[in-house]
Amino acid sequence: MTAAHAGPEAHAGSEAHAGQRSGQPEARQGRDAYAGRDERERQVLERIDRARRRRPRVREERITMAHGAGGKASRTLVEAVFLDAFRNPLLEPLEDAASLRIGEPGAEVPEARVPGAGVPGAEGTRLALTTDTYVVSPLFFPGGSIGELAVNGTVNDLAVSGATPLYLTAGFILEEGFEVADLARVVASMREAADAAGVSVVTGDTKVVQRGKADGCYINTAGVGALAPGTSLGVARARPGDAIIVSGPIGDHGITIMLARGELDIEADIQSDTAALNGLAATLLREVPGTRAMRDATRGGVATILNEIASDADVGVLATEDAFPVRTEVRGACELLGIDPLYVACEGRLVAVVPGADADRAVTALRGHPLGTEAAVVGHVTDSEPGLVRLTTSFGGTRIVDLLVGDPLPRIC
Amino acid sequence: MRFVDEFRDAEQARALAAKIAALCEPGRQYKFMEVCGGHTHTIYKHGLEDYLPESINLVHGPGCPVCVIPMGRIDDAMHLAAREDVIMTSFGDMLRVPGSNGSFFDAKARGTDIRMVYSPLDSLKIARQNPDKQVVFMAIGFETTAPSTAMTMLRARAEGLKNFSVFCNHVTIVPAIKAILDSPDLRLDGFLGPGHVSTVIGCRPYEFIAREYGKPVVTAGFEPLDILRSIYMLMVQLAEGRCEVENQYSRVVPWDGNLVALKAIGETMELRPYFEWRGLGFISHSAMKVREKYAEMDAELLFKVPGVRVADPKACQCGEVLKGVLKPWECKVFGTACTPETPIGTCMVSPEGACAAYYNYGRMERHRVPVTIGERP
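These numbers come from a predicted model, not from an experiment.

Caption draft 1: View of the overall build of chain A. Counting secondary structure elements, chain A contains 11 helices and 14 strands. With 413 residues in all, chain A has 50% of them scored as buried. In chain A, once contacts between residues fewer than 6 apart in sequence are set aside, the share between residues at least 24 apart is 80%. Of the roughly 18500 Å² of accessible surface on chain A, a fraction of 52% belongs to carbon and sulfur atoms.

Caption draft 2: Just the sheet that holds strand 8 (residues 217-219) of chain B, in detail. Residues and elements named next belong to chain B. Read from one edge of the open sheet, five strands run 2-1-7-8-9, paired in parallel fashion. The sheet terminates laterally at strand 2 (56-63) and strand 9 (245-247), the two strands that pair on one side only. The mean angle between the axes of side-by-side strands here comes to 20°, regardless of whether they run parallel or antiparallel. Alignment of strand 7 (residues 190-193) against strand 8, held across three bridges, turns out to be parallel. Residue pairing in the sheet places phenylalanine 191 in a bridge with valine 217 of strand 8.

Caption draft 3: Representation of the environment of lysine 162 of chain B. Relative to the assigned elements, lysine 162 of chain B resides in the loop between helix 7 (146-159) and strand 6 (164-170). Sequence separation between lysine 162 of chain B and methionine 297 of chain B is 135 residues, and the spatial gap between their C-alpha atoms is 8.3 Å.

Caption draft 4: Broad picture of helix 9 (residues 301-312) of chain A. All names here are of chain A. With 12 residues, helix 9 ought to run about 16 Å at 1.5 Å a step, and its terminal C-alpha atoms sit 17 Å apart, in line with that. When you tally the buried positions in helix 9, you get 10 out of 12 residues, the bulk of the element. By the burial criterion, the buried members of helix 9 are Gly301, Val302, Ala303, Thr304, Ile305, Leu306, Asn307, Glu308, Ile309 and Ala310. Just past helix 9, the residue aspartate 314 takes up positive phi, approximately 50°.

Caption draft 5: Region of the structure containing the pattern of salt bridges. Applying the stated criterion across every chain yields a total of 50 salt bridges over all chains. Notably, a salt bridge pairs arginine 286 of chain A with glutamate 287 of chain A, separated by 4.0 Å at the nearest N-O pair. Look at arginine 286 of chain A and you get exposed, because its relative accessible area is 57%. Given a relative accessible area of 35%, glutamate 287 of chain A falls into the partly exposed group. Between aspartate 113 of chain B and arginine 115 of chain B there is a salt bridge, with its nearest N and O atoms 3.0 Å apart. Overall, the relative accessible area of 25% leaves aspartate 113 of chain B in the partly exposed class. Accessibility expressed as a relative area gives 27% for arginine 115 of chain B, which makes it partly exposed. Among the charged side chains, a salt-bridge network with shared partners connects Arg52, Lys72 and Asp402 of chain A together with Arg363 of chain B.

Caption draft 6: Examining the sheet that holds strand 8 (residues 243-246) of chain A more closely. Residue and element names in this part refer to chain A. Spatial strand order, 9-11-8-12-10-13-14: seven strands in an open sheet with mixed pairing. Looking at the sheet topology across the chains shown, the edges are occupied by strand 9 (293-296) and strand 14 (398-400). Here the strands of the sheet are splayed against their neighbours by 25° on average, with no regard to which way each runs. Together, strand 8, strand 11 (350-354) and strand 12 (376-382) form the strand contacts of helix 11 (residues 359-367), whose direction differs from that of strand 8 by roughly 10°.

Caption draft 7: Examining the side chain of threonine 89 of chain B more closely. Of note, threonine 89 of chain B is situated in strand 3 (residues 86-90). Those residues in contact with threonine 89 of chain B that sit more than four places away from it in its chain are Arg115, Val117, Ser123, Ile126, Val135, Val136, Phe137 and Met138 of chain B.

Caption draft 8: A look at the interface of chain A and chain B. At the interface, 55 residues of chain A touch 65 residues of chain B. Along the contact surface separating chain A from chain B lie four salt bridges. Notably, a salt bridge pairs arginine 363 of chain B with aspartate 402 of chain A, separated by 3.2 Å at the nearest N-O pair. Along the contact surface separating chain A from chain B lie 12 residue pairs in polar contact (both at pLDDT 80 or more). Breaking the side of chain A that touches chain B down by element, the ones donating at least two residues are helix 1 (2-22), helix 3 (39-53), helix 4 (72-86), helix 10 (328-337) and strand 14 of chain A. Of the residues forming the side of chain A that touches chain B, the biggest block, nine residues, is contributed by helix 3 of chain A.

Caption draft 9: Here's a closer look at the packing of helix 5 (residues 146-159) of chain A against helix 6 (residues 180-197) of chain A. All names here are of chain A. Between helix 5 and helix 6, the shortest axis-to-axis distance is 7 Å and the interhelical angle comes to 30°. Classified by the angle their axes make, helix 5 and helix 6 are roughly parallel. Considering the relative orientation of helix 5 and helix 6, their crossing is right-handed. Between helix 5 and helix 6, the residues in contact are Ile146, Gly147, Glu148, Ala150, Val151, Asn152 and Val155 and Val186, Ser189, Met190, Ala193, Ala194 and Ala197, respectively. Here the residues of the contact of helix 5 with helix 6 are counted per class, giving nine nonpolar, three polar and one charged.

Caption draft 10: Seen up close, the domain arrangement of chain A. All names here are of chain A. Assigned domains of chain A: these are domain 1 (40-87), domain 2 (93-101 + 124-227) and domain 3 (235-400). Taken together, the contacts link 22 residues of domain 2 with 21 residues of domain 3. Broken down residue by residue, the surface that domain 2 buries against domain 3 is led by Pro142, Asn156 and Val160, which jointly contribute 28%. Scanning the region where domain 2 abuts domain 3 turns up two salt bridges. Of the charged contacts, one joins glutamate 95 and arginine 295 as a salt bridge, the two residues approaching to 3.0 Å between their closest N and O atoms. Taken together, the connections running from domain 2 to domain 3 amount to nine residue pairs in polar contact (both at pLDDT 80 or more). The element best represented in the side of domain 2 that touches domain 3 is helix 5, accounting for eight residues. The residue makeup of the side of domain 2 that touches domain 3, split by class, is 11 nonpolar, seven polar and four charged.

Caption draft 11: Quick peek at the confidence of the model for chain A. Residue and element names in this part refer to chain A. Mean pLDDT over chain A stands at 85; residues scoring 70 or higher make up 84%. Low pLDDT (under 50) marks residues 1-36, which in the prediction has 35 contacts with non-local residues, meaning those over four places away or in another chain. Low pLDDT, under 50, characterises residues 108-122; the stretch is placed with 26 contacts to residues that sit more than four places away or in other chains.

Caption draft 12: Structural view of the pairing of strand 7 of chain B. Residues and elements named next belong to chain B. Side chains Gly190 and Leu192 of strand 7 all project onto a buried face; the interleaved residues Phe191 and Gly193 project onto the opposite face, where all are buried too. Alignment of strand 1 (residues 30-36) against strand 7, held across three bridges, turns out to be parallel. Within strand 7, the residue paired with methionine 33 across the bridge is phenylalanine 191.

Caption draft 13: Focus on the state of the cysteines. All names here are of chain B. Evaluation of the coordinates by the stated rule reveals one disulfide over all chains. For cysteine 64, the disulfide goes to cysteine 67, at an S-S distance of 2.3 Å. Given an S-S torsion of about 65°, the disulfide between cysteine 64 and cysteine 67 has right-handed geometry. Residue classification places cysteine 64 among the buried positions, given a relative accessible area of 1%. Residue classification places cysteine 67 among the buried positions, given a relative accessible area of 1%. Counting only cysteine sulfurs, cysteine 318 is the nearest neighbor of cysteine 316, a cysteine outside any disulfide, at a range of 3.4 Å.

Caption draft 14: Geometry of the packing of aromatic side chains. For the coordinates displayed, the defined rule picks out 10 aromatic pairs over all chains. With 5.2 Å between their ring centres and 70° between their planes, phenylalanine 395 of chain A and tyrosine 51 of chain B make a pair best called edge-to-face. Taken together, the residues span two chains, with phenylalanine 395 of chain A in the loop between strand 13 (389-392) and strand 14 and tyrosine 51 of chain B in the loop between helix 2 (37-45) and strand 2. Just as phenylalanine 395 of chain A is buried, tyrosine 51 of chain B falls in that class too. One aromatic cluster is present, built from ring pairs that chain together Tyr44, Phe334, Tyr358 and Tyr359 of chain B. Across the ring face of phenylalanine 140 of chain A, the terminal group of arginine 185 of chain A is positioned such that the distance to the ring centre comes to 3.8 Å.

What counts, and where the lines are drawn
- Residues numbered from 1 in each chain as written.
- Chains lettered and ligands numbered in written order.
- Predicted model: local features only at pLDDT ≥ 70, side-chain atom pairs only at ≥ 80, totals over all residues.
- Heavy atoms only, no water.
- Helix = DSSP H or I, 4+ residues; strand = E, 2+ residues; numbered from the N terminus.
- Buried < 20%, exposed > 50% of the residue type's maximum accessible area, 1.4 Å probe, protein only.
- Contact = heavy atoms within 4.5 Å.
- Areas by Shrake-Rupley, 256 points an atom, 1.4 Å probe, with all protein chains shown as cover.
- Pairing = 2+ DSSP bridges.
- Axes fitted to C-alpha atoms, helices over the stretch in contact; angles between N-to-C directions.
- Expected span 1.5 Å × (residues − 1).
- Salt bridge = Lys/Arg side-chain N within 4 Å of Asp/Glu carboxyl O.
- Polar contact = N/O pair within 3.5 Å; in protein donor to acceptor, adjacent residues only side chain to side chain.
- Parallel < 35°, antiparallel > 145°, perpendicular 65-115°, else oblique.
- Left-handed = near helix turned anticlockwise from the far one by under 90°.
- Nonpolar A, V, L, I, M, F, W, Y, C, P; charged D, E, K, R; others polar.
- Domains from an automatic or database assignment.
- Buried area = accessible area lost by both parts, 1.4 Å probe.
- pLDDT = per-residue confidence, 0-100.
- Disulfide = S-S within 2.5 Å.
- Phe/Tyr/Trp six-rings, centres within 6.5 Å; stacked < 30°, edge-to-face > 60°.
- Lys NZ or Arg CZ within 6 Å of the ring centre and 35° of its normal.

Here it is as structure tokens:
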């Protein structure tokens, strides 16, 4: 790669100098003199943009923790390994849930639980299908346990795709020696969460592995939901002028888990925000039918979703740092650890893209729901700088918010 | 939030920016080096350059502890970590730095026992839990982190812990600044002094910069207003024809430093005759090793360390970036072959590295915040 680039780059450099000598007065005057100060820099930026649009490739020989962190490496792994192998039109959008069509156009949804879905749609019955696996450590933490996550996480993947969640599956991988009482606690919390979300766990599976081959208890859940006719959400539908809304304070879950591990000797009065978002999502869709997309902000945090909007819709995103709701405790912990709350996981927050004209109505609708009382517009979709997420900082400058690389690491000094 | 928001106030920033702009002599270019990687990070993370006039250029200095570690030392550490009887610990940033055979994280994926710690003291916990293993802490950093390594060694000695040692890579800032001042490549108008290092060593060690090299120094804090105010203080010195060491970060930095911390360093470590810096080459008396008195905690004596010098990858221009000769984007592989995901050079690894900061935060066309010159705050 390096060798292949040396030639064109050296060439680009000399061109730039020639360009500067000859002037290009129009382009210069059009922009700020400051922006024009380095044509060479702009060319480098364009080259980087091209490099970033190239097909991703996994370079590592082995899986590292970064592949699971929800950032750049995760995305590369999914695109280069899984999408490549399984490629089909249903998988390709890489949304939180796949949207499937069952039966002939005009057929009815078997159960009349879905508002509006009992009416035979011109497009047939559509189901949303998703799956997620839970390996959180510790298994129990302030505000919840792996059980609630396993139900809420999968319910949320369905809810943000616009579906009404109906049924879940539950698969358990248990480590030899795991206490039955703990398992019973996990399962009881799953039942409670399922009841709260209005879904049933209808089939499951259990495997036990030798001591040391797993960490207590891992859970996989899959979920099926029904899509009302005409529902079609996706971040690729974002358009310049759209507003981007976050449904509540960000980063609570991630910080709770980091502190619950006890490695940091920091204490704070915060708990996980794990919650089922189907009620909140349905409220938004009812009040703002033109909603373009929803995503739940889990691993990789809100920043990852903003980047997905920018890259999948090939638009720019301009967000305002001050607009993001962040609890003081979370901000404080982030400042101490040198991490950015924008990258910290939530388990009960969604990010919505709505047409700019609907922004106020969407915020009002979300705030009317108990899980969305602190909803706020945090940014807008722009036609400038496609593919980039820019942030106006509290300080008043502007910077990029990129996909996360690796695990969030604390700064060392 | 208290102690944070008051240092990030946009109103004050605009007022300072106006005062800075008013001090610029027409036609003159100013080049200030921020020595510390923490400053580089703040500058990009908050978009601080948007407040500076075109004639003021910030040059990123060598004060990123991860960035200055030469590849050979990383290979040495990997060699130690690969031993069956060793558990290696280090700070998170260090673990992503590539050696000639991948990073620590890659080694971890291959089964080497490498653990990230937030404090060197955590290594003692691991040592207590694993009495049959030797726990080696890969110590890195300037005088900022050296005291915590020193305190850990003192604690280990007090506890009588037999299975803890240090692979010492602590470096000292003053020889690096001197190397830059002596380098013919760069003409600077002043320095933003490293705030965190100064909490330990104080401001006195920089006096030679003003006295012998005629460059003003302002020791700066790490919030964006700290940095903007320090730039203003440098501009005032230049405008008034003064050349002194000033302390903007006086809420944290005592003029004489932290004597307790300095004593702990002095007790456990001593200067090496010379040490290799990435990009800057060998600099005499620029790093510390474990004092002989603590030889039982010196991993370099306990184990055979290859000590092979490894040349940087050909395409990598970290050295020029560290010296401030090249801007990150001027490096040939910046952003294409070398990205935070697939770093070739150290500057792309640590969030404090100039390349990573520029790539992650600054990779776009800048728009200056409009300021009214002559505005009186």
